[in-house]
Amino acid sequence: MSKSNNRSIIQSTLQKDYKDIEFISLMKDVITESIESNKFYGDMVKESGFNVDDLNNINDLELIPYIPTTYYKESANNFRKLLKIPEEKLQHWNCSSTTTGDPSLVGVNEKDMNFLYEMSRKSFLDFIPRDWDNTKVFLFSPDTTMLTRFCFRYTKVRPIKAYSSNFYAVSEEMLKLKVKYLFTFSISKTLKSIIKTHKIVGGFFIKQTEFIEDIEKNLKKPEEERFNIGIGGSNALIKSTMNLMKLEKVSFNLGDNVDVVLGGGGWDGHKGQMKIDPIDKVEFVSQISELFGTTGKRVIDLYGFTENPILFGSHWSDKHEDFVFHCPHYSRIIIREILSREPLKKEGDRGFLEVLTPFGSTASVRHAVTVDDYVELVSKHKCPECGFEGDTFKVLGRLEDKDGLGCSSIIQWV
Ligand SMILES: [Zn+2]
């Protein structure tokens, strides 16, 4: 089947609103297929006493044996055992990086990557409904090649791709104007830093001044020639740029012509190998509004993790003083109590997150995955803020108690 044909099938798959009964039936199919094609999961199911015929209503989803993200860690040495196809048929391994330098490795094939592409495209368009053809995106991130090169430090497994780079690649394909990556490397700065600190890390820098100048130049153009501005990447680097803008008394009045798209996580001060000060979300959003002359409506957060196929989009909520994430129709979430692992169902309940989906897991078992992130159920079935039909949740932070820390943010490179 041709690539475009395949993608259009996925597009129509994503458009459907999967009622519970259809969702359950698709879950039955993917579980049966996973048991047949993967011994590791087959044994897990056998041991748990679970039977596919036990799945009859939506509450039964909680019975499905799930894979914790820690199973995918390279050190756990199960990532190959979770494959449903021969390793030589993989397109690559999606790689995350972590505070411990022990990445998760998730085997994907072309079908899985087509799903990731179409799903992210849909999330981007749903949460950032704007004229993408006339938008210039500034990413506070290394480019896709550099992101993958960072992964080479953590693992000898090949071929690999940085999980976060997949999403940047999607936006590059969607945009007509070139994406500008603001996190870069300079040989001269490296030399200076080696001389000064004997470390290579100082060779990286953020093109903050270039970013400010580009916005200024754009504003000087006649209105009809201006592009919209998209700002994305690491919240910590965006924050440091905003601090500079404050210091130099630079601010803009961009109104609705700007979108700030964050990559989930990092708010609590952990992001990959970087230890940073925690970032207060309310303060961050109000600083964006103030310095770019816009409102919190133009700030969104995306949340996903390497081990699971789904990307969640959110919008800012003044009432919750947080981003409210939507669970898309092609997925379901379960929030479990930390110790008992019992499902929690009341609004305001807090626990760790399980994500279920029958889609996007052709190469590896990952139709039900739990992650060590502490989340709160905002509402069941309907978003209280915008009326979206589906469950909503907030991401409070990472659970710190275990050795197998999750790696749940899209951006995990620094
Ligand atoms: Zn909503």
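Residues numbered from 1 in each chain as written. Predicted model: local features only at pLDDT ≥ 70, side-chain atom pairs only at ≥ 80, totals over all residues.

(A) Structural detail: the pairing of strand β9 (residues 228–233). Among the 6 residues in β9, 6 count as buried, and that is most of the element. Here β9 shows two buried faces, one formed by N228, G230 and G232 and the other by I229, I231 and G233. Relative to strand β10 (residues 258–262), β9 runs parallel, the two being bridged by 5 bridges. The residue bridging G230 from the neighbouring strand is D259, located in β10. Handedness of the crossover joining β9 and β10 through helix α9 (residues 235–247) is recorded here as right-handed. (Buried ≥ 20, exposed ≤ 12 C-beta atoms within 10 Å, placed from the backbone. Helix = DSSP H or I, 4+ residues; strand = E, 2+ residues; numbered from the N terminus. Pairing = 2+ DSSP bridges. Right-handed = clockwise from strand over helix to strand, strands pointing away.)

(B) Examining the sheet that holds strand β2 (residues 92–95) more closely. In space, the 3 strands of this open sheet follow the order β3-β2-β5, with mixed pairing throughout. In the strand order of this sheet, the two ends are held by β3 (105–108) and β5 (160–162), each with one partner. Shown here is a sheet whose adjacent strand axes are inclined to one another by a mean of 35°, direction ignored. With 3 bridges joining them, β2 and β5 adopt parallel strand pairing. Bridge pairing links W93 to I160 in β5. (Axes fitted to C-alpha atoms, helices over the stretch in contact; angles between N-to-C directions.)

(C) Here's a closer look at the environment of I206. Of note, I206 is situated in strand β8 (residues 204–206). Taking the C-beta count within 10 Å as the criterion, I206 has 19 such neighbours and is therefore assigned partly exposed. C-alpha separation for the pair I206 and T241, spaced 35 residues apart in sequence, amounts to 8.5 Å. In contact with I206, not counting residues within four places along its chain, are F140, L182, F183, L237 and T241. (Contact = placed C-beta atoms within 7 Å.)

(D) A look at the confidence of the model for the protein chain. For the protein chain, the mean per-residue pLDDT works out to 90, and 88% of the residues sit at or above 70. For residues 401–414, every residue scores under 50 in pLDDT, and the model assigns this stretch 62 contacts once sequence neighbours within four places are set aside. (pLDDT = per-residue confidence, 0-100.)

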